[in-house]
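# Summary of structural features
This is what each chain is made of:
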Amino acid sequence: VSGVLAYAFFRPIYAYRSQLASVAALELDFLSALEANVGKLTELESDAPCPKPKESYAETFLVRVDKNSGLRARYVPDDLVVLDKVRTIKKICLRKEAALALEGMFKSAEKAGIFLGATSGFRDVKLQESLFNYWNRIEGRRALDFVAQPGHSEHQLGTTVDLSGRSINYRG
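Numbering of residues starts from 1 in every chain and runs along the sequence as written. Only residues with pLDDT of at least 70 get local features here, since the model is predicted, and only at 80 or more are side-chain atom pairs given and counted; chain-wide, interface and lining totals rely on the full set of residues. Each side-chain value is worked out from all heavy atoms of the structure, with water and hydrogens disregarded.

We now examine the nonpolar core. Here, the term nonpolar core denotes a set of buried Ala, Val, Leu, Ile, Met, Phe, Trp, Tyr and Cys residues that are joined through side-chain atoms within 4.5 Å. Remark: exposure states derive from per-residue accessible area (1.4 Å probe, protein chains only) relative to the maximum for the residue type, with buried under 20%, exposed over 50%, and partly exposed in between. Formed by Leu 83, Val 86, Ile 92, Leu 94, Ala 98, Ala 99, Leu 102, Phe 106, Ala 109, Leu 116, Ala 118 and Val 161, the largest nonpolar core amounts to 12 residues. Those elements that provide at least two residues to this core are α3 (96–111) and β3 (116–120). If one sorts the elements of this core by residue count, α3 sits on top with five residues. Sequence-distant contacts of Ala 118, defined by excluding residues within four places in its chain, comprise Leu 83, Arg 87, Thr 88, Ile 89, Ile 92, Phe 106, Asp 162 and Leu 163. Here a helix means four or more residues in a row that DSSP labels H or I, a strand means two or more in a row labelled E, and each is numbered from the N terminus. Whether two residues are in contact is decided by their heavy atoms, any of which lying within 4.5 Å being enough.

Next up, the structure:
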């Protein structure tokens with residue numbers, strides 16, 4: 001009887017460890033793919049300035065981007081600037097108007113004793129595709145609830161950031 005109870009008790013733990021091992025393997029695959037494609041996924045990881053558009057587009061600051069409405073794969077805003085007046089965990093680019101608004105928000109937050117950090121800003125469609133594929137492999141269709149498909153992310157507009165805070169050591 002004790003063997004059956006032990007099996008019933010530890011079975012979920014073994015299943016959880018197995019899931020963790022699968023997730024760890026996927027993370028290693030993802031990180032390896034990122035390392036192999038650093039220059040191809042995004043220019044933001046290097047010392048290069050923010051990416052420049054390869055073609056011109058109509059004004060897109062207030063364009064709707066969601067699950068149903070997307071952007072062209074080659075779209076890059078023409079006024080990206082490096083966030084250098086707010087706390088970031090890496091080089092992050094954002095549209096100039098959005099960067100100025102974010103600076104004001106960070107100053108107001110700090111006055112209130114809240115210390116924020118930006119963990120992600122503009123993402124090109126290739127990086128979004130890598131993130132989407134990674135989470136889709138782990139979560140399946142549930143990934144659609146929290147990761148935009150390539151071409152459907154507001155990050156590609158350059159108007160959106162992911163935030164973190166001091167209480168969690170600015171992790172993303």
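Expected helix span is given by 1.5 Å per residue-to-residue step, counting one fewer step than there are residues. Here helix α4 (residues 125–139) contains 15 residues, and its C-alpha end-to-end distance of 20 Å stays within 8% of the 21 Å for a straight helix at 1.5 Å per residue. What α4 keeps buried is the set Val 125, Leu 127, Gln 128, Leu 131, Phe 132 and Tyr 134. Phi turns positive one or two residues past the end of α4, at Gly 140, with a value near 65 degrees.

Further remarks concern the environment of Tyr 170. Looking at the secondary structure, you find Tyr 170 in the segment after β4 (162–165). Taking the C-alpha atoms as reference points, Tyr 170 and Thr 119, separated by 51 residues in sequence, lie 7.6 Å from one another. Apart from the residues within four sequence positions on either side, Tyr 170 is in contact with Arg 87, Ile 89, Phe 115, Leu 116, Gly 117, Thr 119, Ser 164 and Gly 165.

Time to look at the state of the cysteines. What makes a disulfide is a covalent bond joining the sulfur atoms belonging to two cysteines. Pairs of cysteine sulfur atoms within 2.5 Å are identified as disulfides in what follows. In the structure shown here, the tally under the stated rule is one disulfide. Note on cysteine connectivity: Cys 50 is disulfide-linked to Cys 93, with sulfurs 1.9 Å apart. Classification of the bridge connecting Cys 50 and Cys 93 rests on its S-S torsion, roughly -95 degrees, and on that basis the disulfide is left-handed. Of this pair, Cys 50 sits in the loop between α2 (38–41) and β1 (80–82) while Cys 93 sits in strand β2 (residues 93–95); the two residues are 43 residues apart in sequence, bridging distant segments of the chain. A residue is classified by how much of its surface remains accessible, and Cys 50, at 5% relative accessible area, is buried. Given the relative accessible area of 0%, Cys 93 is considered buried.

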